[in-house]
Amino acid sequence: MKTQSMNSDLNKPKNQVRVRFAPSPTGYLHLGGARTALYNWLWARKSNGVFILRIEDTDVERSTKESVQEILGGLTWLGLSWDEGPYLQTDNLPKHVEAAQKLLVSGHAYRCFCTREELEEQRKAAEARKVAFMYDGRCRDLSPEMVDENLRNGMPYVIRFRVPRETSSVVAFEDAVYGRVEKKGQDIEDFVILRSDGRPLYILSNAVDDALDGITHVIRGADGLANTPKQVLIYKALGIDPPIFAHMPLTLDNRKAKLSKRTHGEVVTIAYYREKGFLPWALCNFMALLGWSSGGEQEFFSRDELTEVFDLSKINRSNSIFNYVPGDPRNWTDPKAIHFNATYIRTMPLEELIPFVKHELQEAGLWRGSFENGEKEWFLRTIDLIRARFLTLKDFSFRGRCYFADDFEFDESAVKKNLGKEPRLREFLPELASRMDRLERFEVHSIEEVFRSYSEEKSVKAGILINAARTAVSGTSVGPGLFEMLEVIGKEKVVNRLNKAVELVAS
RNA sequence: GUCCCCAUCGUCUAGCCCGGCCUAGGACACCGGCCUUUCACGCCGGCGACAGGGGUUCGAAUCCCCUUGGGGACGCCA
């Protein structure tokens, strides 16, 4: 029998964990979606399970190809690789319709001939009376004759699920995060599962797809919590064991509104973090902590560590806030996210950081092939020296420009402070330059020796010379220890820059 | 409006299930200090929370109830 075959189709064995990330391709991959993907990915990896990517593209008007690419690209960048898919929900449309038909045949669903207009009117009336609107079920018990007549007359109809109406009926499920969740049948309306044009609705498609894909754990945002009883009803009516549900708390903005591209702009999109110089794993690590904690005090986790320690039962129940304050240039995103990125940049193994730096320098036109060959040692040393003060990868090409190119900019206040207060620097800088030039071994100690002795000779505080030199060679007032900095920048450049900076000294 | 969920520093959170170890711990941010040629890092210190009210108990952040606050869902959207 057909019904039978469908059942075996839907009731998959559950000997392996199978999870999915099922975004609708109507926009960008954003923080909320990425976090959902991350939790699913973690759970799959932890359980040696399968992570499936499914594109819920049933909303044809709003779904776009670009959006699909955007999502795929975002996940790939984050390193959240999927094992199956991307599947397209629209590919399964016939199965969804088949499921609706099956429910109709088994009496779990019925045809409803009410028109949109009628329902809209009822809805408005209910609203005006300030009472909850719920479909009154007037088509629920139409006689077979009546149904036949309507069909003969070509009246359009939708298929609605027949929710158990007995006062005692309760739909319940055990959420892995929220615990037992119950809802009375009386509080659930007879929801539509198939449109009058024959297309299924999300509530149905989603459940059928999860069954078809053999999903064992549905890990999704808590906004799905209230819909879950309906899906449980569908599963049961279809004779399918529901998956385990794990709803994760939502991430809100600092005004406690749901995050959305529309209201928050690019700061909630994953692409933005990529552009702004985030390390993908730093972002993942940060996102993981929005609504989950290991229970201990560790906050930094490698992929393996996080996979190991991650658990659904440790997911929080209360919503978290993405603490981003618009208009704060220093904290252009949640300060803690920046902290994670900076700490990773500063402390991760150099060889893991280098590929990211390479990419950044290439984009800025600062990369030279020799950084991987003849100049490799120098390059590693330089990166190691400058990364300690950097917050994002962008810093390597902006704040780090003076290490790789001569056309760096001078910070006005730094010039004023370090070159503008001591006129004698017109004499000091060229002299320092020539002493640098005469050094046989241009390295930290010999450089320092020159500065120290010259400072004594001229009875000028070493700090004056040091800070002046810093600004002369880097254009700023901040950076690594000067002597290391000079060594790394190299004799020739240092000599040139010291001489050239005389122009900037106030007379 | 109805139903569901949630409630510890400004933010992320530990502790809650199995009451006493909590004068509530950590992280970010902020403010001091130390280090220092600058800025960071690091270290030391400070600020800062159990939403309110009732119970239960020898004892409650932890258990129960109410209130308040917040969020979510209520569509022929996904």
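Below: a short report on this structure. (Residues numbered from 1 in each chain as written. Chains lettered and ligands numbered in written order. Predicted model: local features only at pLDDT ≥ 70, side-chain atom pairs only at ≥ 80, totals over all residues. Heavy atoms only, no water.)

### So, the protein's contact with RNA strand B
To keep things clear, this is the line we draw: Near is defined per residue: the residue qualifies when any heavy atom it owns lies within 4 Å of the molecule or strand. Polar contact criterion, stated in full: a pair of N or O atoms within 3.5 Å, where within protein one must be able to donate a hydrogen and the other to accept it, and residues adjacent in sequence count only if both atoms are side-chain atoms. Comment: elements are numbered from the N terminus, with helices defined as DSSP H or I runs of at least four residues and strands as E runs of at least two.
Lining the immediate environment of RNA strand B, one finds 65 residues, of which Arg195, Gly291, Glu299, Arg389 and Ile466 sit closest. Sugar and phosphate atoms constitute 74% of the interface atoms of RNA strand B, taking the interface as everything within 4 Å of the protein. Take tyrosine 202: an N or O atom from its main chain is 3.1 Å from a phosphate oxygen of RNA strand B. Separating a base nitrogen of RNA strand B from a side-chain N or O atom of lysine 336 is a distance of 2.9 Å. At the level of secondary structure, the elements contributing two or more residues to the surface near RNA strand B comprise α5 (116-128), β5 (158-161), β7 (179-184), β12 (320-321), α13 (335-347), α20 (462-474) and α21 (482-489). A per-element tally of the surface near RNA strand B places α13 first, with four residues.

### Comments concerning the layout of surface pockets
Which parts of space are left empty comes out when a probe the size of a water molecule is rolled across the atoms. Just so we agree on the cut-off: Buriedness of a pocket was judged along seven lines, with at least five required to meet protein on both sides within 12 Å; pockets are open sets of points on a 1 Å grid over the protein atoms alone, cavities are sets where a 1.4 Å probe fits but cannot get out, and lining residues have an atom within 4 Å of a point. Grid points are joined across faces, edges and corners, and a volume is the space filled by probe spheres set on the points. Put simply, Ala, Val, Leu, Ile, Met, Phe, Trp, Tyr, Cys and Pro go in the nonpolar bin, Asp, Glu, Lys and Arg in the charged bin, and everything else, Gly too, in the polar bin.
One number sums up the size of the largest pocket: a volume of about 1,300 Å³. What lines the largest pocket is a set of 43 residues, among which Ala22, Pro23, Ser24, His30 and Asp223 lie closest to the centre. Those elements that place two or more of their residues in the lining of the largest pocket are β1 (18-21), α2 (31-46), α3 (65-78), α7 (202-212), β9 (217-221) and α9 (261-264). It is α2 that contributes the most residues to the lining of the largest pocket, four residues altogether. Here the residues of the lining of the largest pocket are counted per class, giving 14 nonpolar, 17 polar and 12 charged.

### What about the packing of aromatic side chains?
Convention followed: When the centres of two rings from Phe, Tyr and Trp lie within 6.5 Å, Trp using its six-membered ring, the rings pair. Their planes under 30 degrees apart give stacked, over 60 give edge-to-face, and anything left gives tilted. With a 1.4 Å probe rolled over the protein chains alone, any residue whose accessible area is under 20% of its type maximum counts as buried; one over 50% counts as exposed, and the rest are partly exposed. Definition used: whenever NZ (Lys) or CZ (Arg) falls within 6 Å of the ring centre and also within 35 degrees of the ring normal, the charge is taken to sit over that ring.
Counted by the stated rule, this structure contains 27 aromatic pairs. Relative to phenylalanine 310, the ring of tryptophan 292 lies with its centre 5.7 Å away and its plane at 35°, an arrangement referred to as tilted. Of this pair, tryptophan 292 sits in the loop between α11 (280-288) and α12 (303-309) while phenylalanine 310 is found in the loop between α12 and β12, placing the two residues 18 residues apart along the sequence. Judged by relative accessible area, tryptophan 292 falls into the buried class, the value being 2%. With a centroid separation of 4.6 Å and 10° between ring planes, the pair formed by phenylalanine 371 and phenylalanine 379 is classed as stacked. For the pair phenylalanine 371 and phenylalanine 379, one class covers both residues: buried. One aromatic cluster is present, formed by Trp367, Phe371, Trp378, Phe379 and Phe404 through successive ring pairs. The ring of tyrosine 135 carries the charged tip of arginine 160 above its face, separated from the ring centre by 3.6 Å. The ring of tryptophan 332 has lysine 276 lying over it, and the distance from NZ or CZ to the ring centre is 4.7 Å.

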